[in-house]
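Residue-level structural notes
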Amino acid sequence: MSSNVVLQVENLHTSFFTRAGEVKAVDGVSFYVREGETFGIVGESGCGKSVTGLSILRLLPEPSGQIVAGKIILEGKNLLELSKKHMRAYRGKMISMILQDPMTSLNPVFTIGDQVGESVRMHQDLPENMVEAEVIDALRLLRIPAPEMRINEYPFQLSGGMKQRVVGAIAMSCRPRLLIADEPTTALDATIQAQYIALFEDIQEKTNVAIIFITHDFGVVARICDRVGVMYAGKIVETALTRDIFKNPKHPYTIALIKSVPQLDRKDDQLFSIEGQPPSMLNLPPGCRFCPRCTVALDICKEQEPPEVKISENRSVSCWRVK
Amino acid sequence: MATKILLEARDIVKHYPVTRGLLQRTVGWVRAVDGVSFSIEYGKTMSLVGESGAGKTTIARQILLLEKLTSGSILFEEKDLYKMTPKEIKAEYRPKVHYVQQNPWSSMNPRMRIKDVVGEPIYVNNKQSKKDVDKDVVKLLEQVGIGAEGINRYPHEFSGGQRQRIAVARALALNPSLLILDEPVSALDVSIRAQIMNLFKDLQKKFNLSYLVIAHNLATVRYMSHSVAILYLGQLVEYGDSETLFARPLHPYTKALISASQLTLPEDSEGKAKQIILTGEMPSPLNPPSGCRFHTRCSEANERCSKDVPEMRKVGKQLVKCHHYE
């Protein structure tokens, strides 16, 4: 593995222990992110992509949600071995997160300056008179116009796109090594979404931060991600460079998913659709999890789970059909 | 060809007053919809596209008569809705126009069984016995691909895609001619979206339904619609048939929207260079910019755009509101 890997997740298992039984939300997920790289996790709701993000930050709702096995290695340190107190020092400083809805991730009764300043005060040993300059710097990094004025404003005074930039400023204020962005553009309008993505590419170039981009939208993936992992029912079924995923998808689920996204430059009379629904996480099929919806399933698919096969440097697929 | 038109909006305007102080004096107007005209033909789909705050939902509310227009008129089967009596509206208009909401989790009463959710419009409008209504409900559910065993279940027992199907069944209960679909698939997962969009298309063919689709995802719109109206800050900026509009967008805003929804791969530097990224955000409808409302964000704007209000012009088969096409 090259030396500039920032985060390596190995065989992560995260479960929720509910009254109805153990829900294996993340079931053996491995991936890595390099410095300055954006790794996308794509999947439908309930496939475990957000839980993967929360597991890295160790922010699962305890006691029901627990990391059962695996390693999460950030720059050589296994986060799962850290004490709670030590982990707190990592959050916001080394790893930060942007959530989907900026309306709920900001506190309505504190000013923008207070909220961006909170993480600066917490993690950087700065005299109070320098905090403000640091906050303004962070706002400027996110290209928020007139940051000197904005620090005294409240979230309700900003538009949705601006609020999401403030959330980004909080996340970037301590120059983290890893940023986890969980559907950060889903709540934004199309033209604002394009702005936000362009902004993040720029920030990544400036700060060399590694980004994990969690989304369900292949259009967003195409724009920002260098590599992608496609998740289905708690497992990554295919990992590849973004270019390859679109040009030559291998896993039947990836193929079907890409085909079912309507495209602007193509008008089909009938959209391709995947029959059925994702399985319930409490009652998973015995073999390959996609098997009940797969059109090219073999006999073996019903009985045994396919192993992850590495087919090239950047590519691995879990499917019995791919050798 | 006048008979082909099911619903027509003529220059509709909706301004909301902004009041302040103890006496609730009006201090300004939010120009949510400011002079919009369009028509929907029988068996066809028209889409209204725009960002949040553009006035899409306000237009839908006007058509559903949930609010009164400030000015303008809406014609349904050539009758002016504002000249119909409340009785006529209830008998002739309400059963024919239905609304399917974005979020199938909040559009159904969680305490009602599916047979009551879908059957309610039938109870209210036709005085039928319970047994007959149940039979109708089973038929309706079959049309949207839900088995008869579902009628005694509750909404929480269904997945998002299935709920959206149930919402469609409810909208179809009274044999409507127009369905207003407000972001019908954006709350659903990618793999389910295609199923639901196909369902809408099939139903349209089967019952000669007209749709008014409200959406912000252009790829969805292209797949579903026959004509498209692009809305910006309460006004139409471009309106035309879907094929031509996507093949040859005229208005700079339409171009930017299309560019924002196009698939560009990270390595595709040529595609990236062509990408149009708008600066700034949509101005407030409380105080819209002078001249062309889009000029504050337009890369092709000149001095004239900030002064003169452009007229809607016919260019080829499209209507466009821009000074660059004179």
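Quick caveat, the model's predicted, so the values are computed rather than measured.

**Here we look at the interface of chain A and chain B**
- Taken together, the contact pairs 34 residues of chain A with 32 residues of chain B.
- Those elements that place two or more of their residues in the side of chain A that touches chain B are helix H8 (190-207), helix H9 (218-224) and helix H10 (242-247) of chain A.
- Sorting elements by how many residues they give to the side of chain A that touches chain B places H8(A) first, with 7 residues.
- Partitioned by chemical class, the residues of the side of chain A that touches chain B number 14 nonpolar, 14 polar and 6 charged.

**Some words on the domain arrangement of chain A**
Residues and elements named next belong to chain A.
- The domain boundaries assigned to chain A delineate domain 1 (2-94 + 178-278) and domain 2 (105-175).
- Centre-to-centre, using C-alpha coordinates, domain 1 lies 26 Å away from domain 2.
- Facing the 12 residues of domain 1 at the interface are 13 residues of domain 2.
- Take the side of domain 1 that touches domain 2: its biggest share by element is 6 residues, from H8.
- Classifying every residue of the side of domain 1 that touches domain 2 gives 8 nonpolar, 3 polar and 1 charged.

**With respect to the sheet that holds strand S5 (residues 77-78) of chain A**
Residues and elements named next belong to chain A.
- Overall, antiparallel pairing links the 4 strands, which are arranged S2-S1-S4-S5 in an open sheet. The outermost strands of the open sheet, each flanked by one partner alone, are strand S2 (21-34) and S5.
- Two strands pair when backbone bridges link them, and strand S1 (residues 5-18) and strand S4 (residues 65-74) are joined in this way by 8 bridges, in the antiparallel orientation. Counterpart to glutamine 8 in the pairing with S4 is isoleucine 73.

**Concerning the packing of helix H3 (residues 114-125) of chain B against helix H4 (residues 130-143) of chain B**
Residues and elements named next belong to chain B.
- Closest axis-to-axis distance for the H3/H4 pair is 9 Å, and the angle between their directions is 115°. Between H3 and H4 the crossing geometry is right-handed. Between H3 and H4, the residues in contact are Lys115, Val118, Gly119, Ile122 and Tyr123 and Val133, Asp134, Asp136, Val137, Leu140 and Leu141, respectively.
- Looking at the contact of H3 with H4, its residues break down into 7 nonpolar, 1 polar and 3 charged.

**Some words on the nonpolar core**
- Counting 169 residues, the largest nonpolar core has A:Ala169, A:Leu178 and B:Ile230 as the members making the most contacts within it.
- Of all the elements, helix H7 (residues 160-172) of chain A adds the most residues to this core, at 7 residues.
- Composition of this core by domain shows at least three residues from each of domain 1 (2-94 + 178-278) and domain 2 (105-175) of chain A.
- Residues contacting A:Ala169, with those up to four places away along its chain left out, are A:Val116, A:Ala138, A:Leu139, A:Leu141, A:Leu142 and A:Ile144.

**Topic: the sheet that holds strand S5 (residues 79-80) of chain B**
Residues and elements named next belong to chain B.
- Taken together, 4 strands build an open sheet; the order of strands is S2-S1-S4-S5 and the sheet is antiparallel. Both outer strands of the open sheet, strand S2 (25-41) and S5, are each paired with one neighbouring strand and no more.
- Of the pairings in the sheet, the one linking strand S1 (residues 5-20) to S2 comprises 13 bridges and is antiparallel in character. Each bridged residue has a counterpart across the sheet, and for isoleucine 5 the counterpart in S2 is glutamate 41.

So, how was this worked out
- Residues numbered from 1 in each chain as written.
- Chains lettered and ligands numbered in written order.
- Predicted model: local features only at pLDDT ≥ 70, side-chain atom pairs only at ≥ 80, totals over all residues.
- Contact = placed C-beta atoms within 7 Å.
- Helix = DSSP H or I, 4+ residues; strand = E, 2+ residues; numbered from the N terminus.
- Nonpolar A, V, L, I, M, F, W, Y, C, P; charged D, E, K, R; others polar.
- Domains from an automatic or database assignment.
- Pairing = 2+ DSSP bridges.
- Axes fitted to C-alpha atoms, helices over the stretch in contact; angles between N-to-C directions.
- Left-handed = near helix turned anticlockwise from the far one by under 90°.
- Core = buried A, V, L, I, M, F, W, Y, C linked by C-beta atoms within 7 Å.
- Buried ≥ 20, exposed ≤ 12 C-beta atoms within 10 Å, placed from the backbone.

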